[in-house]
Amino acid sequence: MVMGSMWRIAPGQALRFRQFGDECVLFNDLSGDTHLLGDSAMHLLSVLQHGPAERGALLASLAQALDCTVDAALEQETDALLASLASYYLIQCAPC
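Every chain is numbered independently, its residues counted from 1 as its sequence is written. Whole-chain, interface and lining totals are the exception, using all residues; otherwise, since this is a predicted model, local features are given only for residues with pLDDT of at least 70 and side-chain atom pairs are given and counted only at 80 or more. To get the side-chain values, all heavy atoms of the structure are used, and hydrogens and water are removed first.

Novice: Please provide a residue-by-residue account of the overall build of the chain, values included.
Specialist: Scanning the chain from terminus to terminus reveals three helices and six strands. Numbering goes from the N terminus for both helices and strands, where a helix is a DSSP run of H or I of at least four residues and a strand is a run of E of at least two. Counting from the amino terminus, helix and strand elements in the chain follow one another as β-β-β-β-α-β-α-α-β. Taken over the C-alpha trace, the chain has a radius of gyration of 13 Å; the compact-globule value for 96 residues is 12 Å, and the two agree within 12%. A total of 96 residues make up the chain; the buried ones form 34% of that total. The globule rule used for comparison is 2.2 Å times the number of residues to the exponent 0.38, while the radius of gyration itself is calculated over C-alpha atoms. Think of it in three bands: residues with accessible area under 20% of the maximum for their type are buried, residues over 50% are exposed, and the middle band is partly exposed, with areas taken using a 1.4 Å probe on protein chains only.

Rendered as structure tokens:
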């Protein structure tokens, strides 16, 4: 991922979900698929519900939510989560 990349919720996507402990079932109303997501993925989606955000801001927000420091492992986890959410067509890179 590029450090300054902007992410947003996919246009037309309404996030419909149910929380069960530390996991969440989310319905993708654009594809009709249902996904089981963890707290970190849901945190990123909740941040993006407020508007597009840069990767760095998402990384900092996730670090704060997890009460940890930004390090290489968290960067890898965040990039993997963003790629996964994008592969589910829930989010996308926002055009500059």
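That covers the picture; the talk isn't over yet.
Novice: Explain the sheet that holds strand 1 (residues 6-9) residue by residue, including any values.
Specialist: When DSSP finds at least two bridges between two strands, those strands are taken to pair. The three strands lie next to each other as 5-1-6, forming an open sheet whose pairing is antiparallel. Every other strand in the sheet has two partners, leaving strand 5 (53-54) and strand 6 (91-93) as the edge strands with one partner each. Bridging between strand 1 and strand 6 involves three bridges; their strand directions are antiparallel. The residue bridging R8 from the neighbouring strand is Q92, located in strand 6. Contacts from helix 1 (residues 39-48) reach strand 1, strand 5 and strand 6 within the one sheet, and its direction differs from that of strand 1 by about 90°. In what follows, a contact means two residues having at least one pair of non-hydrogen atoms within 4.5 Å. As a rule, the C-alpha atoms of each element are fitted with a line to give its axis, helices using only the stretch in contact, and angles between N-to-C directions run from 0 to 180 degrees.

Novice: An account of the pattern of salt bridges is requested, with residue identities and associated values reported.
Specialist: When a carboxyl oxygen of Asp or Glu lies within 4 Å of a side-chain nitrogen of Lys or Arg, that pair is called a salt bridge. In total, this model carries three salt bridges according to the counting rule given. Where R16 meets D29, a salt bridge forms, and the shortest distance between an N and an O atom there is 3.9 Å. In this pair, R16 sits in strand 2 (residues 15-20) while D29 sits in the loop between strand 3 (23-28) and strand 4 (34-38), placing the two residues 13 residues apart along the sequence. Overall, the relative accessible area of 49% leaves R16 in the partly exposed class. The salt bridge partner of D79 is R55, with a shortest N-O separation of 2.7 Å. With D79 in helix 3 (residues 72-87) and R55 in helix 2 (residues 55-66), this pair connects stretches of sequence that are 24 residues apart. Both residues of the pair, D79 and R55, belong to the buried class. Overlapping salt bridges, with partners in common, bring together R55, E75 and D79 in one network.

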